[in-house]
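# Coordinate analysis (summary)
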Amino acid sequence: MNDSTIAAVATPVGAGGIGIIKISGQNSLPIASRIFRGSHSSISNLEDKDSIDISSFKSHHLYHGYIVDPENSRVVDEVLLAVMLAPHSYTREDVVEIQAHSGPVVLRFILDLVLKCGATIAGPGEFTKRAYINGRIDLTQAEAVIDIINARTNKSLEIATTLIKGELQLCIERISDYLFNFLAEINAAIDFPEDVEEIINVDRITRVLQNNIINTIKELIGQYDNGHILRDGIKLVIVGKPNVGKSSLMNCLIKKERSIVTAVPGTTRDLIEESFSLRGMPIIIADTAGLHDTDDPVEVIGINKAKDYIDCSDLILFIIDAGSILTHEDHEIFKIINTKNSILVINKSDLFSDRHEVNTPDSWEKMPRVEISALYNMGLDGLKDLIVRISLGENSFDPRAVIIPGLRHKLILDQCLISLCLAVDGFNSGSPLELIAIDIQEAIALLGEITGRSANNDVIDQIFSRFCIGK
Ligand SMILES: Nc1nc2c(ncn2[C@@H]2O[C@H](COP(=O)(O)OP(=O)(O)O)[C@@H](O)[C@H]2O)c(=O)[nH]1
Ligand SMILES: [Mg+2]
């Protein structure tokens, strides 16, 4: 257990109703006692230099009072104070939360008082890291905390909630328990080779490995493959030559006037990024500067940014103008996006009352296409359907599936699968038990990296570095 006491502002910076300063560690009560005066002491007594002992406060109760600077007895703010005694707290340590008014100055002032009284400032994710180190949660649950904070849709929240309840952990622990038992049997058989037949039932172990364990791991990997988009979302980028309606489409999709739309080519010079939710799928979308040859240095920067963005996006909306024939610029853009997942969006279809086909080269046929009018909001549903269908792929996600592992978990499960398949092959081909034991040990160690049971410090530090301060 860490013997330092940490503190941080736990709520976002800015003006608001309530701002919380969180203190955790063995000194959190003595520290809070030095700066808190309960409202039962009358206001005139607030300046009383004697601090009150809040260790008599009941755990999980709120107390009304004032924060007072112990150096000059000045009242800093009126607050509510919550004490959560170990082990029944977020970190499993003594925790005090000071609910003050939320303003950057007042919160900073109170935090400084707490630090002066002996706390150290908490690093990013340090409260959650303590919850992990003190055994309240495993790594999958700690990661779920970040997922909950970052959730941009109801579905991604639901996926994160499943993990924070520990369902992935439970599933992994259950598999590990089986493997520990098998390993014990195998080791006993290695130690007593003359009794192998009595100690170990190879048929049963291979059957359970194959039917239960390997299949469960494959299912988890499949759940990631099919469902992770719902949690992680996709990156969309709108590209096209100037004036085809990129900014108009962006505004239609995010349902607000974010990008400036004008009839003047080259209006959008920088890259504009927004996020929105499409049928439960979180989407980050970028409107880009029109791609064309130009000497304008600002446009050139914007065009280069657009090209970089194309490289790291999942899906491209390539817009052309139904009202004009294709130009050299359209063909050049096709060359840039040729290898990427793209949808051909034929905009300004309102300019034609009759049905007409836009003539495009054969090589463009591989792109699914959709006709829209961003100006009149026509065809948008068809485009949205296409985006969802292409993003989720052929195997549409089974909404009953509850546990969706994260990428880190999935990569470890891939390795674990290899070790377990080697173990099964080993049993089937009569390999020495010593070799099979190594594969099973490897699988157990890998599963431990998921829950944290055998994760190394670098992995743990890397996970907690993704947190914000105060969590
Ligand atoms: N008729 C018609 N005009 C459109 C449509 N979409 C955009 N425009 C017009 O085309 C011009 C350029 O639009 P804008 O969104 O700024 O294009 P961008 O340069 O590709 O971002 C503006 O005058 C828009 O009003 C559409 O669907 N139909
Ligand atoms: Mg634009």
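Because the structure is predicted, anything quoted here is derived from the model rather than measured.

With that out of the way, let us pick up the sheet that holds strand 2 (residues 16-24). The strand order across the open sheet built from seven strands is 3-4-5-6-2-1-7, with neighbouring strands paired in mixed fashion. Of all strands in the sheet, those with a lone pairing partner are strand 3 (36-38) and strand 7 (120-121), marking the two edges. In this sheet, strand 5 (residues 74-84) lies alongside strand 4 (residues 61-69) in antiparallel orientation, the contact comprising nine bridges. Counted as the bridge partner of His64 is Leu80 from strand 5.

Every one of the 21 residues lining ligand 1 counts as a neighbour, but Gly245, Lys246, Ser247, Ser248 and Leu375 are closest to it. Ranked by residues supplied to the shell around ligand 1, first place goes to helix 9 (residues 246-254) with three residues.

Let us now look at the nonpolar core. Within the largest apolar cluster, 115 residues are counted, with the highest numbers of intra-cluster contacts made by Ile21, Val114, Val239 and Val345. The residues touching Ile21, leaving out its near neighbours within four places in the chain, are Ala7, Val9, Ala10, Ile98, Ala100, Leu107, Ile110, Leu111 and Val114.

Taken together, six strands build an open sheet; the order of strands is 9-10-8-11-12-13 and the sheet is mixed. A single partner strand is all that each edge strand has here, and the edge strands are strand 9 (272-278) and strand 13 (369-371). Sheet twist, expressed as the mean angle between neighbouring strand axes with direction ignored, is 25°.

Turning our eyes to something else, we now look at the pairing of strand 1 (residues 6-9). Of the two faces of strand 1, the one carrying Ile6 and Ala8 and the one carrying Ala7 and Val9 are both buried. Bridge analysis of strand 1 against strand 2 gives four bridges, and the strand direction is antiparallel. Directly across from Ile6, in strand 2, lies its bridge partner Ser24. Here strand 1 folds back onto strand 2, and the loop between the two strands holds six residues, one of which, Gly14, carries a positive phi near 135°.

This part takes up unusual backbone geometry. The amide bond that connects Ala86 to the next residue, Pro87, takes the cis arrangement and shows omega of 0°. Turning to its location among the elements, Pro87 is positioned in the loop between strand 5 and strand 6 (95-102). Phi is positive for Asn243, close to 75°, though the residue is something other than glycine. Inspection of the secondary structure assignment puts Asn243 in the loop between strand 8 (234-239) and helix 9. You will see that Lys348, though not glycine, has its phi angle at about 65°, which is positive. When you line up the elements, Lys348 lands in the loop between strand 12 (342-347) and strand 13. Taking the number of C-beta atoms within 10 Å as the measure of exposure, Lys348 has 22 and is therefore buried.

Parameters at a glance
- Residues numbered from 1 in each chain as written.
- Chains lettered and ligands numbered in written order.
- Predicted model: local features only at pLDDT ≥ 70, side-chain atom pairs only at ≥ 80, totals over all residues.
- Pairing = 2+ DSSP bridges.
- Helix = DSSP H or I, 4+ residues; strand = E, 2+ residues; numbered from the N terminus.
- Near = placed C-beta within 6 Å.
- Core = buried A, V, L, I, M, F, W, Y, C linked by C-beta atoms within 7 Å.
- Buried ≥ 20, exposed ≤ 12 C-beta atoms within 10 Å, placed from the backbone.
- Contact = placed C-beta atoms within 7 Å.
- Axes fitted to C-alpha atoms, helices over the stretch in contact; angles between N-to-C directions.

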